[in-house]
Amino acid sequence: MKDFAGRTAFITGGANGIGLGLARALLAEGVKVAIADIRQDSIDAALDALDNHEATGLCMDVSSREEFAEAADEAERRLGPVSLVFNNAGINLFQTIDESSYDDWDWVLGVNLYGVINGVQTFVPRMKGRGADGHVVNTASMSCFLAGPVPGIYNTAKFAVRGLSESLRYSLAPHRIGVSVLCPGLVKSHIHASDEVRPDALGARGKPVDAAFNTQLAKVHEAGMERDEVAAKTLEAIHENKFYIFPHPEFRDELREVFDEIIADYPKGDAPVERLAFERGRRENYRKARAAARGK
Ligand SMILES: NC(=O)c1ccc[n+]([C@@H]2O[C@H](COP(=O)([O-])OP(=O)(O)OC[C@H]3O[C@@H](n4cnc5c(N)ncnc54)[C@H](O)[C@@H]3O)[C@@H](O)[C@H]2O)c1
């Protein structure tokens, strides 16, 4: 995608952190921006800070299909057809899977996975129907590659967002709609305070909130990348239609180490000819789909 100017963007979780960085960067490129967030006070503060009449705020919960559709209608009514979608809202819960309740699962998957699904289900048919080009960016994390005992549910959601995004990229390429997955490492943000927006209805916790750990987490995030740097790298990647957006250089060697371990676990040996014939065809199609989605 070459030109952003004159387009409309919809950014979930746009009132803080990475989303706010994206809003600022897009406005600077002449994009009209809908900031969709569950925190009304943060939306108000963001709109004050941005001080730009091309930005508007919408209070909504990304895990609700109905609220998502209503917010999309309202954004398009105020700012025109959306052709840039940032499914970015996210929360974190630092605990292991064996310590988690069903409510923990429903909250984290509801926001971090269903929030993305709802964004795709809401906007992709509209974008396809208009026949114009566009781009969808789904925010995952380096946690979509690197898992630990903590944060188990977050890992589950982010791995799924990566898979969803890659598959969607191939199906939307013929429609001139690009798809990227944003995989940040540490970013200065408000995510350590996720518990503030946990709905009462999903209050059955597998584990009590550890206030001391959250304070520590806030300190760790202070060392994170500035949101404006993440945003600038994201817009550059959209211009280049890259699938993976890796703002943080420090993970390159670790990814190689992890992929080397995966390959090392891979068995040697031959497969039956019939199976190989099928896999050869599938592999060639996959290669072509990747090249086509890159526009090559
Ligand atoms: N901060 C990091 O270090 C980091 C690293 C990797 C990935 N990420 C991802 O980046 C994305 C943005 O997070 P951030 O770090 O900027 O955090 P943040 O807390 O600063 O911003 C996230 C925003 O999402 C909003 N939000 C939360 N639940 C919502 C809901 N149900 N509906 C609508 N909005 C909701 C919050 O109010 C907040 O404004 C998330 O998907 C997160 O997982 C963050």
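Throughout this description, residue numbers start from 1 for each chain and increase along the sequence as written. Local features are withheld for residues below a pLDDT of 70 in this predicted model, meaning they are given only at 70 or higher, and side-chain atom pairs are given and counted only at 80 or more; totals for whole chains, interfaces and linings count all residues.

This part covers the overall build of the protein. When helices and strands are tallied, the protein shows 10 helices and seven strands. Radius of gyration: over C-alpha atoms. The globule rule applied is 2.2 Å multiplied by the number of residues raised to the 0.38 power. Scaling as 2.2 N^0.38, a compact globule of 296 residues should have a C-alpha radius of gyration of about 19 Å, and the protein matches this with 20 Å. Overall size of the protein, expressed as C-alpha extent along the three principal axes, is 65 × 50 × 35 Å. Scored against the burial criterion, the 296 residues of the protein give a buried share of 37%. By definition, residue pairs are in contact when their C-beta atoms, positioned from the backbone, come within 7 Å. When contacts within the protein are restricted to residue pairs at least 6 apart in sequence, those whose partners lie at least 24 apart make up 74%. Runs of H or I in DSSP of at least four residues are treated as helices and runs of E of at least two as strands, each being numbered from the N terminus. Counting other C-beta atoms within 10 Å of a residue's own tells you its class, since 20 or more makes it buried, 12 or fewer makes it exposed, and anything in between is partly exposed; those C-beta atoms are placed from the backbone.

Inspection of the region around the ligand gives 30 residues, with Gly-13, Gly-17, Gly-90, Ser-189 and His-190 positioned closest. When grouped by side-chain class, the residues that make up the shell around the ligand number 12 nonpolar, 15 polar and three charged. We call a residue near a molecule or strand if the C-beta atom, set from the backbone, is within 6 Å of it. Residues are sorted three ways: Asp, Glu, Lys and Arg are charged, Ala, Val, Leu, Ile, Met, Phe, Trp, Tyr, Cys and Pro are nonpolar, and all the rest, Gly among them, are polar.

This part takes up helix H8 (residues 227–239). Each full turn of the α-helix corresponds to 3.6 residues, which orients residues three or four apart in the same direction. For H8, spanning 13 residues, the distance from its first C-alpha to its last is 19 Å, which sits close to the expected 18 Å at 1.5 Å a residue. Among the residues of H8, Arg-227, Val-230, Ala-231, Thr-234, Leu-235 and Ala-237 are the ones counted as buried. When H8 is viewed along its axis, its buried side chains cluster within an angular range of 160 degrees and face the same direction. Next to the buried residues of H8 lie helix H1 (17–28), strand S5 (134–139), strand S6 (177–182) and strand S7 (244–245). Looking one or two residues past H8, Asn-241 carries a phi angle of roughly 50 degrees, positive in sign. Each residue after the first adds 1.5 Å to the expected span of a helix. Throughout, the arc means the angular range of directions from the helix axis out to the C-beta atoms.

Moving on to the confidence of the model for the protein. Every residue carries a pLDDT, the predictor's confidence in it, which falls somewhere between 0 and 100. Counting all residues, the mean pLDDT for the protein is 97, and 100% of those residues have values of 70 or more. Of all helices and strands in the protein, the one with the weakest mean pLDDT is helix H7 (residues 211–222) (91), whereas strand S1 (residues 8–12) scores best (99).

Two elements in contact, helix H4 (residues 102–112) and helix H6 (residues 152–172), have axes whose closest approach is 9 Å; the angle formed by their N-to-C orientations is 30 degrees. Between H4 and H6 lies a crossing whose hand is right-handed. Facing H4, whose interface residues are Asp-104, Trp-105, Val-108, Leu-109 and Asn-112, H6 presents Ile-153, Tyr-154, Ala-157 and Lys-158. Classifying every residue of the contact of H4 with H6 gives six nonpolar, one polar and two charged. Lines are fitted to the C-alpha atoms to define the axes, a helix being fitted only along its stretch in contact, and any angle between axes, read from their N-to-C directions, falls within 0 to 180 degrees. Should the near helix be turned counterclockwise from the far one by less than a right angle, the crossing is left-handed, whereas a clockwise turn marks it as right-handed.

That bond from Val-150 to Pro-151 is cis: its omega, 0 degrees, falls within 30 degrees of zero. By the element assignment, Pro-151 lies in the loop between S5 and H6. Positive phi is not limited to glycine here, since Asp-51 has a value of about 50 degrees. Not every positive phi belongs to a glycine, and Arg-176 is a case in point at roughly 65 degrees.

What follows deals with the pairing of S5. With respect to burial, S5 is a largely interior element, six of its six residues being buried. Side chains Gly-134, Val-136 and Asn-138 project from S5 onto one buried face, and the interleaved His-135, Val-137 and Thr-139 project onto a second face that is buried too. Both strand S4 (residues 82–87) and S5 contribute to a ladder of four bridges, which runs parallel. From the neighbouring strand, Leu-84 faces S5, where its bridge partner is His-135. Of the pairings in the sheet, the one linking S5 to S6 comprises six bridges and is parallel in character. Across the sheet, the residue bridging to Thr-139 is Leu-182, located in S6. Handedness of the β-α-β unit built from S5, H6 and S6 comes out right-handed. Strand pairing is assigned whenever DSSP detects at least two bridges linking the two strands. The crossover handedness rule: strands pointing away from the viewer, path from first strand over the helix to second strand clockwise, crossover right-handed.

Nonpolar core, as used here: buried Ala, Val, Leu, Ile, Met, Phe, Trp, Tyr and Cys residues forming one set through C-beta atoms within 7 Å. Core analysis: the biggest nonpolar cluster contains 59 residues, and Ala-9, Phe-10, Ile-11, Ala-23, Val-33, Ala-34 and Ile-35 have the highest contact counts within it. Residue contributions to this core peak at six residues, all from H1.

For helix H5 (residues 114–130), built from 17 residues, the straight-helix expectation of 24 Å at 1.5 Å per residue is met to within 8% by its first-to-last C-alpha distance of 24 Å. One fitted axis covers the seven residues ending at a residue, a second covers the seven starting there, and the bend at that residue is the angle between these axes. At Phe-123, H5 is deflected by roughly 30 degrees, the largest bend along its length, and proline Pro-125 occurs up to four residues later in sequence. Where H5 terminates, the next one or two residues include Gly-131, which has phi positive at roughly 75 degrees.

Another aspect to go through is the pairing of S4. S4 sits mainly inside the fold: six of its six residues count as buried. Sheet topology note: the S1/S4 ladder contains four bridges and is parallel. Bridge pairing in S4 places Ile-11 opposite Phe-86.

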